[in-house]
Amino acid sequence: IVAFVGVLMGASLPFLHEAPPGKQLSFRRRCKQLLRLLQQAPVWRLIVALVSITTLSLVTNQAQINANAQWFHIEPLQLGLSACFQSLMMAVGMWAFKRYLLQASWRLTYAGGILGTQLFSLLYLLTIFVPLFKNGWWYVFTQVDMSLAYALTSAIGIVVIPEITVPGFEGVIYGAVTTYTNQAMNVANAINNLLLAVWPSNTNNDELKACALGRARLSASEAGASCEEVQWNMAWLTLLATATACLSLLFLPLMPSQKEEVRRLAELPRSRAAGWAMLVLLAFLVIFGTTLAVLPIFPQTACLEIAGGKGC
């Protein structure tokens, strides 16, 4: 199902344009229309920017979920409140963007969202080293704050796309940008899995329990590693994930800063090379991203490090 949906997302793009009444468009004609749209400077620049930014900015410390389970207990109530407040903060962030940042630079707003998200992710260092912060309420606080910062980047994606669309082809462009970014998420997840393999203690439940609270804590001899070693391995993974995510800022200049720049880019001549490059990128992301998504499903490939396993 995952593979079918991934391929369908890319293959269905040419059909998102509704033909004029009484006129049929061949598949070849629809593909040419898609290619011409991808040749436009506002379109291909935004796609390159969002694919690069999405791939890098979504790199996170995936080991913290399992570490939290080994270090302290999170009540179902806390998890439920976390999900509820995250949705609320997303709504608040969207409202704040509309109220105060609608005319601000899209690049600066996006940069603020990325940096804010990474700043709150660094608060996990307190959970690693300070027992006081090994509790469910602190986890809820950090996750909710990250959602508020993430809302800024989500808002930019909503605002930019209508500005670069061509009348009559809104569905094609929106579908294309969504397809590119969704497949980029699969690539980001693969990077997260590879980072987990750098320090094996971050995924070893027994070694993680060397830093657990109360009776769940194991001695260094029982766990196979000291608490200090486990802490620093988790800290290095957190810092590496944050540094990787911050690299996404390098691609922000490709994103239009505001509506005026979109109009200026729209006046530039089409680039055939860029159009073909975008089609190649689409094919790569659909095939590679879909492959990464299905690897954890099958036992023969679930053990691969790129799929989140410990190696076959």
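These numbers come from a predicted model, not from an experiment.

**Student:** Break down the overall build of the chain for me, citing the residues and quoting the values.
**Tutor:** For the chain, the helix and strand inventory stands at 15 helices and zero strands. Oriented by its inertia axes, the alpha-carbon framework of the chain measures out at about 75 × 50 × 35 Å. A buried classification covers 45% of the 312 residues belonging to the chain. By sequence separation, contacts in the chain at least 24 residues apart represent 80% of the contacts at least 6 residues apart.

**Student:** Describe the packing of helix α5 (residues 76–101) against helix α8 (residues 136–164), listing the residues and the values that go with them.
**Tutor:** Here α5 crosses α8 at 35°, and the two axes come no closer than 7 Å. Where α5 crosses over α8, the handedness of that crossing is right-handed. Class assignment of the residues belonging to the contact of α5 with α8 gives a composition of 21 nonpolar, eight polar and no charged.

**Student:** An account of the packing of aromatic side chains is needed here, citing residue identities and associated values.
**Tutor:** The tally for this structure, following the rule as stated, stands at seven aromatic pairs. For the ring pair Phe-284 and Phe-288, a centre distance of 5.1 Å and an interplane angle of 15° mean the geometry is stacked. Here Phe-284 pairs with Phe-288, and both are found in helix α14 (residues 272–294), just four residues apart, close to one helical turn. What links up through ring pairs into an aromatic cluster is the set Phe-129, Trp-232 and Trp-236. Above the ring of Trp-71, the side-chain terminus of Lys-134 is found at 4.9 Å from the ring centroid.

**Student:** Go over helix α12 (residues 227–246), please, and point to the residues and values.
**Tutor:** For α12, which comprises 20 residues, the first-to-last C-alpha distance of 29 Å matches the rise-based estimate of 28 Å (1.5 Å per residue) to within 8%. Inspection of α12 places Cys-227, Val-230, Gln-231, Asn-233, Met-234, Ala-235, Leu-237, Thr-238, Ala-241, Thr-242, Thr-244 and Ala-245 among the buried residues, and these make up the whole buried set. In this fold, the buried residues of α12 make contact with α3 (41–57), α4 (63–71), α6 (106–122), α7 (124–129), α9 (170–196) and α10 (205–208).

**Student:** A description of the packing of α3 against α6 should follow, citing residues and the corresponding values.
**Tutor:** Running from N to C, α3 and α6 cross one another at 10°; their axes reach a closest spacing of 12 Å. With respect to α6, the axis of α3 lies roughly parallel. On α6, the residues that touch Arg-45, Leu-50, Ile-53 and Ser-57 of α3 are Arg-107, Tyr-110, Ile-114 and Gln-118. Its residues assigned to classes, the contact of α3 with α6 shows four nonpolar, two polar and two charged.

**Student:** Quick rundown of a positive patch on the surface? Include the residues and the values.
**Tutor:** Where like charges cluster on the molecular surface, the positive patch consists of Arg-28, Arg-29, Lys-32, Arg-36 and Arg-270. Its location among the elements puts Lys-32 in helix α2 (residues 27–38). According to the relative accessible area criterion, Lys-32 is partly exposed, its value standing at 43%.

**Student:** Explain the side chain of Thr-238 residue by residue, including any values.
**Tutor:** By secondary structure assignment, the location of Thr-238 is in helix α12. When near neighbours in sequence (up to four residues on either side) are disregarded, Thr-238 contacts Asn-61, Ser-121, Leu-122, Tyr-124, Leu-125 and Ile-128.

**Student:** Explain the environment of Trp-71 to me, and be specific about the residues and the numbers.
**Tutor:** The topology assignment puts Trp-71 in helix α4. Along the backbone, Trp-71 and Leu-213 are 142 residues apart, and their C-alpha atoms lie at a distance of 5.8 Å. Once you skip the residues sitting within four places of it in the chain, Trp-71 turns out to touch Tyr-124, Thr-127, Ile-128, Lys-134, Leu-208, Cys-211, Ala-212, Leu-213, Val-230 and Met-234.

**Student:** Describe a nonpolar patch on the surface, and please don't skip the residues or the numbers.
**Tutor:** On the surface, Phe-85, Leu-88, Val-92 and Leu-148 cluster together to form a nonpolar patch covering roughly 300 Å² of accessible area. When residues of the nonpolar patch are assigned to their parent elements, the largest contribution, three residues, is made by α5. By the secondary structure assignment, Leu-148 is in helix α8.

**Student:** Lay out the side chain of Gln-143 in plain terms, naming residues and giving numbers.
**Tutor:** Assignment of secondary structure puts Gln-143 in helix α8. Those residues within four positions of Gln-143 in sequence are excluded, and the remaining contacts are Gln-64, Ser-82 and Gln-86.

**Student:** With reference to specific residues and values, describe the confidence of the model for the chain.
**Tutor:** With 92% of its residues at a pLDDT of 70 or more, the chain shows a mean pLDDT of 85. Within the chain, no element has a lower average pLDDT than helix α1 (residues 2–11), which sits at 56, and none a higher one than α12, at 94.

About the criteria used
- Residue positions within a chain follow its written sequence, with the count starting from 1.
- In view of the model being predicted, local features appear only for residues whose pLDDT reaches at least 70, and side-chain atom pairs are presented and counted only at 80 or more, with totals across whole chains, interfaces and linings using the full set of residues.
- Each side-chain value is worked out from all heavy atoms of the structure, with water and hydrogens disregarded.
- By the criteria applied, helices consist of DSSP H or I runs no shorter than four residues and strands consist of E runs no shorter than two, each listed in order from the N terminus.
- Here the term buried applies to any residue with accessible area under 20% of the maximum for its type, exposed to any over 50%, and partly exposed to those in between, with areas from a 1.4 Å probe on protein chains only.
- By the convention used here, residues are in contact when the closest approach between their heavy atoms is within 4.5 Å.
- The convention used is that axes are lines fitted to C-alpha atoms, helices contributing only their stretch in contact, and that angles between N-to-C directions extend from 0 to 180 degrees.
- Two helices crossing with the near one rotated counterclockwise from the far one by less than a right angle form a left-handed crossing, whereas a clockwise rotation gives a right-handed crossing.
- In this count, Pro and Cys sit with the nonpolar residues alongside Ala, Val, Leu, Ile, Met, Phe, Trp and Tyr, while Asp, Glu, Lys and Arg are called charged and the others, Gly among them, polar.
- Ring geometry is summarised as follows: Phe, Tyr and Trp rings, the Trp one being its six-membered ring, pair when their centres sit within 6.5 Å, and such pairs are stacked at plane angles under 30 degrees, edge-to-face over 60 and tilted between the two.
- Whether a charge sits over a ring depends on NZ of Lys or CZ of Arg being within 6 Å of the ring centre and within 35 degrees of the ring normal.
- How far a helix is expected to stretch is found by multiplying one less than its residue total by 1.5 Å.
- Orientation is classified from the angle alone, with under 35 degrees giving roughly parallel, over 145 giving roughly antiparallel, 65 to 115 giving roughly perpendicular, and any other angle giving oblique.
- Patch criteria: residues need more than 30% relative accessible area and no salt bridge. Like-charged residues are merged within 9 Å; nonpolar side chains of Val, Leu, Ile, Met, Phe, Trp and Tyr are merged within 5 Å.
- Only the protein chains shown count as cover for residues, with accessible areas throughout obtained via the Shrake-Rupley method and a probe of 1.4 Å.
- The term salt bridge refers to a side-chain nitrogen of Lys or Arg lying within 4 Å of a carboxyl oxygen of Asp or Glu.
- Just so you know, the count uses Lys and Arg for positive and Asp and Glu for negative, and it drops His and the chain ends.
- By convention, the charge on Lys lies at NZ, on Arg at CZ, on Asp at CG and on Glu at CD.
- As a per-residue measure, pLDDT reflects the predictor's confidence and takes values from 0 up to 100.

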